[in-house]
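Below are the chains, spelled out letter by letter.
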Amino acid sequence: MESVEKIYDNGFKAVHGINLEVEDGEFMVLVGPSGCAKSTTLRMIAGLEDISAGSISIDGKVVNDVLPKDRELAMVFQNYALYPHMTVEENMAFSLKMRKLPKDEIKEKVDRAAEILDIKELLNRKPKQLSGGQRQRVAVGRAIVRDPKVFLFDEPLSNLDAKLRVHMRVQLSELHQKLKSTMIYVTHDQVEAMTMGDRICVMNLGKIMQVDTPLNLYNYPENKFVAAFIGSPAMNMFKATVNSDGSQSVKVADYRIDLPENKINNLEEYLGKEVYIGIRPEYINIVNDDFAESYKGKVTVLEHMGNESFVYFTSMGQELIARIQAEISHKLKPGSEFNYQVESDKIHVFDELSEVNISL
């Protein structure tokens, strides 16, 4: 996609000149909050939505004016879009019959897809006789038989329950490894994005915020939006003032947080100015009361997740969250106070106005 825009008839600009290159065989995930134009972007790639400017190329060929059916793509929708009066086999074979392929070739392609997806025993059933997960596999099977250049997935798991979503997530990742096809996958669920994507394209308000591997997005977010959006629980984010006394520190309320040299090098022009500070919950460590250089926190809520706990607490006039081992959390309860330290080399500093990460 090169400088692709989408402007609707009422003048609303949904997509703002985005540039994105998806490699051959890559699993690319488009992720972002509702209304960020990720589904619109996918529909433009599919040809279901006209683009207002720019160009889209598939396999080196510009497809701006190519009809959806001629783009050699296959799309899997959120609502499965199966024909209720047809069997699973007929649903999967439908597009091949439209292309007038020989019957034996159609059967071979359907059987192969059914085997890959482990749905051979479902071929004679109608969609109403299937569970949500089975319907979703049939929808994926219908895409596989077309042997497309690119698979497009538009929030395919959002109608499934939590346990089934995790199961289908693994199955789709395995499918990608088997087929080695190019896949573009839209979701609003950043956990889904982090676990499935080779690379992730984070979008907001019709713009691309950052494109990178899951680990790089997590550890090196280029801006405040990506830092806050990627990661669960979300990164702690609060305002601070860079101390102008040459102490390599920032001030939050009446507290001072010292920063290591690699984080402060870029802050010379920010002396005395406000910035945003970000720290992930797992880099807040609870320590003994007599530990030097620690801060005090007061527990508001505890969430026990099994092997770990989330501690919501107040400190420095902020609402913060720590992610700690379960055995440590047993010493805490709502209302209790504790001491903690922050791993300062993991702190991110963001420009107050541009929200760019200035500590990378």
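Draft legend 1. The arrangement of the sheet that holds strand S16 (residues 284-287) in detail. Spatial ordering of the open sheet is given by S16-S20-S17-S18-S19, a layout of five strands whose pairing is antiparallel. Each edge of the sheet is formed by a strand with only one pairing partner; in this case those strands are S16 and strand S19 (318-325). Here the average twist between neighbouring strands, direction ignored, is 50°. Relative to strand S20 (residues 337-342), S16 runs antiparallel, the two being bridged by four bridges. Across the sheet, residue Val287 finds its bridge partner in S20, namely Asn339.

Draft legend 2. Broad picture of the sheet that holds strand S11 (residues 207-212). Here we have six strands laid out as an open sheet, ordered S7-S8-S9-S3-S10-S11, and mixed in their pairing. Each having just a single partner strand, strand S7 (73-76) and S11 make up the two edges of the open sheet. For this sheet the average axis-to-axis angle between neighbouring strands, irrespective of direction, equals 15°. Two strands pair when backbone bridges link them, and S7 and strand S8 (residues 150-154) are joined in this way by four bridges, in the parallel orientation. By the bridge assignment, Val76 is partnered in S8 with Phe153. In this fold helix H4 (residues 132-144) packs onto S7 and S8, with an angle of close to 175° to the strand it touches most, S7.

Draft legend 3. The pairing of S19, seen in detail. Two elements, strand S18 (residues 308-315) and S19, share eight bridges in a ladder whose sense is antiparallel. Across the sheet, Ser309 pairs through a bridge with Ile324, a residue of S19. Hairpin connection from S18 to S19: two residues lie between these consecutive antiparallel strands, with Met316 at a positive phi of about 55°.

Draft legend 4. Structural context of the packing of aromatic side chains. Enumeration according to the criterion identifies ten aromatic pairs in this entry. On the numbers, 5.6 Å between centres and 10° between planes, the contact of Phe225 with Phe229 is stacked. With Phe225 and Phe229 both in helix H8 (residues 224-229) and four residues apart, the pair spans about one turn of that helix. Three or more aromatic residues link up through ring pairs in this structure, and these residues are Tyr255, Tyr295, Phe313, Phe338 and Tyr340. In this arrangement the basic side chain of Lys224 is found over the ring face of Tyr276, its NZ or CZ atom lying 4.2 Å from the centre. The ring of Tyr218 has Arg280 sitting right over it, with the charged end atom 3.9 Å from the ring centre.

Draft legend 5. Structural view of unusual backbone geometry. With an omega of 0°, the peptide bond between Ser232 and Pro233 qualifies as cis. Structurally, Pro233 is set in the loop between H8 and strand S12 (236-242). With phi around 55°, Ala253 is a residue other than glycine that occupies positive phi space. For Met316, which is not a glycine, the phi torsion comes out positive at approximately 55°. Turning to its location among the elements, Met316 is positioned in the loop between S18 and S19.

Draft legend 6. Spatial organisation of the nonpolar core. Membership of the largest hydrophobic core comes to 47 residues, with the highest contact counts inside it found for Met92 and Val202. Here this core takes five residues from H4, the largest share from any one element. In contact with Met92, not counting residues within four places along its chain, are Val110, Ala113, Ala114, Ile119, Leu123, Val138, Gly141, Arg142 and Val145. The next biggest cluster of nonpolar side chains, apart from the first, holds 29 residues, and it includes Phe238, Tyr270, Val311 and Ile347.

Draft legend 7. Region of the structure containing the packing of helix H2 (residues 88-98) against H4. With their axes 8 Å apart at the nearest point, H2 and H4 run at an angle of 30° to one another. In terms of their interaxial angle, H2 and H4 are classed as roughly parallel. For the pair H2 and H4, the crossing hand works out as right-handed. Facing Val88, Asn91 and Met92 of H2, the residues of H4 in contact are Val138, Gly141 and Arg142. Here the contact of H2 with H4 is composed, by residue class, of three nonpolar, two polar and one charged.

Draft legend 8. Here's a closer look at a negative patch on the surface. A cluster of like negative charges, contributed by Glu2, Glu21, Glu23 and Asp24, occupies part of the molecular surface. Mapped onto the secondary structure, Glu23 falls in the loop between strand S2 (13-18) and strand S3 (27-31). Under the relative-accessibility criterion, Glu23 is labelled partly exposed at 43%.

Draft legend 9. How the structure looks around empty space enclosed by the protein. For the structure shown, the criterion picks out one cavity of 30 Å³ or more. What the largest cavity holds in volume is close to 50 Å³. As for the largest cavity, its lining consists of Phe238, Ile257, Ile277, Ile279, Ile284, Met316, Leu320, Tyr340, Val342 and Ile347. For the lining of the largest cavity, the secondary-structure elements that each account for two or more residues are strand S15 (274-279) and S20. Grouping the constituent residues of the lining of the largest cavity by class yields ten nonpolar, no polar and no charged.

Calculation notes
- Residues numbered from 1 in each chain as written.
- Predicted model: local features only at pLDDT ≥ 70, side-chain atom pairs only at ≥ 80, totals over all residues.
- Heavy atoms only, no water.
- Pairing = 2+ DSSP bridges.
- Helix = DSSP H or I, 4+ residues; strand = E, 2+ residues; numbered from the N terminus.
- Axes fitted to C-alpha atoms, helices over the stretch in contact; angles between N-to-C directions.
- Contact = heavy atoms within 4.5 Å.
- Phe/Tyr/Trp six-rings, centres within 6.5 Å; stacked < 30°, edge-to-face > 60°.
- Lys NZ or Arg CZ within 6 Å of the ring centre and 35° of its normal.
- Core = buried A, V, L, I, M, F, W, Y, C linked by side-chain atoms within 4.5 Å.
- Buried < 20%, exposed > 50% of the residue type's maximum accessible area, 1.4 Å probe, protein only.
- Parallel < 35°, antiparallel > 145°, perpendicular 65-115°, else oblique.
- Left-handed = near helix turned anticlockwise from the far one by under 90°.
- Nonpolar A, V, L, I, M, F, W, Y, C, P; charged D, E, K, R; others polar.
- Patch = residues over 30% accessible without salt bridge, like charges linked within 9 Å, V, L, I, M, F, W, Y side chains within 5 Å.
- Areas by Shrake-Rupley, 256 points an atom, 1.4 Å probe, with all protein chains shown as cover.
- Salt bridge = Lys/Arg side-chain N within 4 Å of Asp/Glu carboxyl O.
- Lys, Arg positive; Asp, Glu negative; His and termini not counted.
- Charge placed at Lys NZ, Arg CZ, Asp CG, Glu CD.
- 1 Å grid on protein atoms, 1.4 Å probe; cavity = no way out; pocket = protein on both sides within 12 Å on 5 of 7 lines; lining within 4 Å.
- Points joined across faces, edges and corners; volume = space filled by probe spheres on them.

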